[in-house]
Amino acid sequence: MASAPARRIEDEALPPAFSELERVLDEEALALKKLDRAGIDQAAEKKASLLAAIAAARFETKPEHRPALDRIRKSALRNHMLLAHARDSVRQVLSAASDRKSTRLNSSHITI
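This write-up is about the structure you can find in this document.

Looking at the overall build of the protein
Part 1 of the reasoning: The helix and strand tally for the protein stands at three helices and zero strands.
Part 2 of the reasoning: For the protein, the sequential pattern of α-helices and β-strands runs α-α-α.
Part 3 of the reasoning: Residues counted as buried form 26% of the 112 residues belonging to the protein.
Part 4 of the reasoning: Within the protein, counting contacts between residues at least 6 apart in sequence, those at least 24 apart form 74% of the total.
Part 5 of the reasoning: Surface summary for the protein: the accessible area is close to 8,300 Å², and the carbon and sulfur share equals 58%.

Thoughts on the side chain of Glu 28
Part 1 of the reasoning: Along the chain, Glu 28 turns up in helix 1 (residues 16-34).
Part 2 of the reasoning: What makes Glu 28 buried here is its relative accessible area of 7%.
Part 3 of the reasoning: The contacts of Glu 28, once residues within four sequence positions are left out, are Ala 43, Lys 47 and Asn 79.

What about the nonpolar core?
Part 1 of the reasoning: Counting 11 residues, the largest nonpolar core is built from Leu 14, Ala 17, Phe 18, Leu 21, Val 24, Leu 25, Ala 43, Leu 50, Ile 54, Ala 68 and Ile 72.
Part 2 of the reasoning: For this core, the element with the most residues is helix 1, which contributes five residues.

Describing helix 2 (residues 37-57)
Part 1 of the reasoning: Between its first and last C-alpha, helix 2 extends 30 Å over 21 residues, near the 30 Å set by a 1.5 Å rise per residue.
Part 2 of the reasoning: Regarding helix 2, the residues found buried are Gly 39, Ala 43, Leu 50 and Ile 54. For helix 2, the buried positions fall inside an angular range of 45 degrees around the axis, keeping them on one side. Facing away from the buried side of helix 2 by more than 90 degrees, the exposed set consists of Arg 37, Ala 38, Glu 45, Ala 55 and Ala 56.
Part 3 of the reasoning: Residues of helix 2 that are buried make contact with helix 1.

Brief notes about the pattern of salt bridges
Part 1 of the reasoning: Applying the stated criterion across every chain yields a total of nine salt bridges.
Part 2 of the reasoning: Across the pair Arg 87 and Asp 88 runs a salt bridge whose closest N-O atoms are separated by 3.4 Å.
Part 3 of the reasoning: Each member of the salt-bridge network shares a partner with another, and the members are Glu 20, Arg 23, Glu 27 and Lys 46.

Cut-off values and rules
- Residues numbered from 1 in each chain as written.
- Predicted model: local features only at pLDDT ≥ 70, side-chain atom pairs only at ≥ 80, totals over all residues.
- Heavy atoms only, no water.
- Helix = DSSP H or I, 4+ residues; strand = E, 2+ residues; numbered from the N terminus.
- Buried < 20%, exposed > 50% of the residue type's maximum accessible area, 1.4 Å probe, protein only.
- Contact = heavy atoms within 4.5 Å.
- Areas by Shrake-Rupley, 256 points an atom, 1.4 Å probe, with all protein chains shown as cover.
- Core = buried A, V, L, I, M, F, W, Y, C linked by side-chain atoms within 4.5 Å.
- Expected span 1.5 Å × (residues − 1).
- Arc of directions from axis to C-beta.
- Salt bridge = Lys/Arg side-chain N within 4 Å of Asp/Glu carboxyl O.

Below is the structure:
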């Protein structure tokens, strides 16, 4: 499990949900790299809950929050790219498996 990122001065003014979101994004990145479906699903559930809490809080952002929010944004974008890569990898594996199965089926047909 990843340790929580070190909090910076600008993080102090942010609600704890933002720090938790950053931690969950780090956990999600690890799960995506391992193709750990349970970990990915768990992170998605945590993110949905945290995002709902953040939206309900109607937090007003200030210029000093920008570095922390930029870090969170970059983490989310990183995970988006990891998810796209994982999806493509799974598609390639499934395609290769399907091609092998099709080849085996075609070679087993007997023509008279």
